[in-house]
Amino acid sequence: MKSSDCARTPVRIERATYVRPVGGVTQGEIRFVLRQLAIVIDMRVHVDQEKCQGHNRCVALAPDLFEVDEYGTASTKNDGVVPPDRQEAAQLAVDNCPEYAITVTDA
Ligand code: SF4
């Protein structure tokens, strides 16, 4: 393979998997690197209302993405779609939910 072949070889980027890591890099770190490379993957957040205990941390961190009902149970706004400029806030909410009730997926 010649070095000039590299410029023509398409680069396949695997879809990120969204698993809370036990060790190693976090989802947020993966997204940070992708942002630095100008690669933005559409993100959607989800709240498992069975796990939610109403701490309201998610709403405090990202009130435009989450809301709580009268019992303090969180849900997502806008069907969970996260604008590209709010992905960091969404990831912060994921990382700060003590019940691991928030997950993200590709939109
Ligand atoms: S931070 Fe987690 S447990 Fe607390 S309200 Fe939000 S989703 Fe529910």
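Report on the accompanying structure. (Residues numbered from 1 in each chain as written. Predicted model: local features only at pLDDT ≥ 70, side-chain atom pairs only at ≥ 80, totals over all residues.)

1. Remarks on the overall build of the protein chain
Phase 1 of the analysis: Across its full length, the protein chain holds three helices and five strands.
Phase 2 of the analysis: N-terminal to C-terminal, the α/β element order of the protein chain is α-β-α-β-β-β-α-β.
Phase 3 of the analysis: Within the protein chain, the proportion of its 107 residues that are buried is 21%.
Phase 4 of the analysis: Residue pairs in contact within the protein chain that sit at least 24 positions apart in sequence constitute 67% of those at least 6 positions apart. (Helix = DSSP H or I, 4+ residues; strand = E, 2+ residues; numbered from the N terminus. Buried ≥ 20, exposed ≤ 12 C-beta atoms within 10 Å, placed from the backbone. Contact = placed C-beta atoms within 7 Å.)

2. Focus: unusual backbone geometry
Phase 1 of the analysis: One non-glycine residue, Asn78, adopts positive backbone phi at about 55 degrees.
Phase 2 of the analysis: Summarising the element assignment, Asn78 is placed in the loop between strand 3 (74-76) and strand 4 (81-82).
Phase 3 of the analysis: With phi around 55 degrees, Tyr100 is a residue other than glycine that occupies positive phi space.
Phase 4 of the analysis: Overall, Tyr100 belongs to the exposed group, with 10 C-beta atoms counted inside 10 Å.

3. Some points on the environment of Asp85
Phase 1 of the analysis: Relative to the helices and strands, Asp85 resides in the loop between strand 4 and helix 3 (87-96).
Phase 2 of the analysis: Between the C-alpha atoms of Asp85 and Val40, which are 45 residues apart in sequence, the distance is 9.7 Å.

4. Concerning the sheet that holds strand 4
Phase 1 of the analysis: On the basis of which strands lie adjacent, the open sheet formed by three strands has the order 4-1-5 and antiparallel pairing. Every interior strand has two partners, whereas the edge strands, strand 4 and strand 5 (102-106), have only one.
Phase 2 of the analysis: Docked against the sheet, helix 3 engages strand 1 (43-47), strand 4 and strand 5, running at close to 140 degrees with respect to strand 5. (Pairing = 2+ DSSP bridges. Axes fitted to C-alpha atoms, helices over the stretch in contact; angles between N-to-C directions.)

5. With respect to the pairing of strand 1
Put simply, side chains in a regular strand alternate between the two faces of the sheet.
Phase 1 of the analysis: Because side chains alternate across strand 1, one face comprises the buried residues Met43, Val45 and Val47, and the other comprises Arg44 and His46, none of which is buried.
Phase 2 of the analysis: Where strand 1 meets strand 5, five bridges bridge the pair, whose relative direction is antiparallel. What sits directly across from Val45, in strand 5, is Val104.

6. Focus: helix 3
Phase 1 of the analysis: Buried residues of helix 3: Gln87, Ala90, Gln91, Ala93 and Val94, and no others. All buried residues of helix 3 project into a common sector of 155 degrees when viewed along the axis, lining one side.
Phase 2 of the analysis: In this structure, the buried residues of helix 3 make contact with helix 1 (27-36), strand 1, helix 2 (57-61), strand 2 (66-68), strand 4 and strand 5. (Arc of directions from axis to C-beta.)

7. Focus on the nonpolar core
Phase 1 of the analysis: Residues Val45, Cys58, Leu65, Ala90, Ala93 and Ile102 are the most contacted members of the largest nonpolar core, which totals 17 residues.
Phase 2 of the analysis: Mapped onto this core, the elements with two or more residues apiece are strand 1, helix 3 and strand 5.
Phase 3 of the analysis: If we skip the residues at most four places from it in the chain, Ile102 touches Val45, His46, Val47, Cys58, Ala93, Val94 and Cys97. (Core = buried A, V, L, I, M, F, W, Y, C linked by C-beta atoms within 7 Å.)

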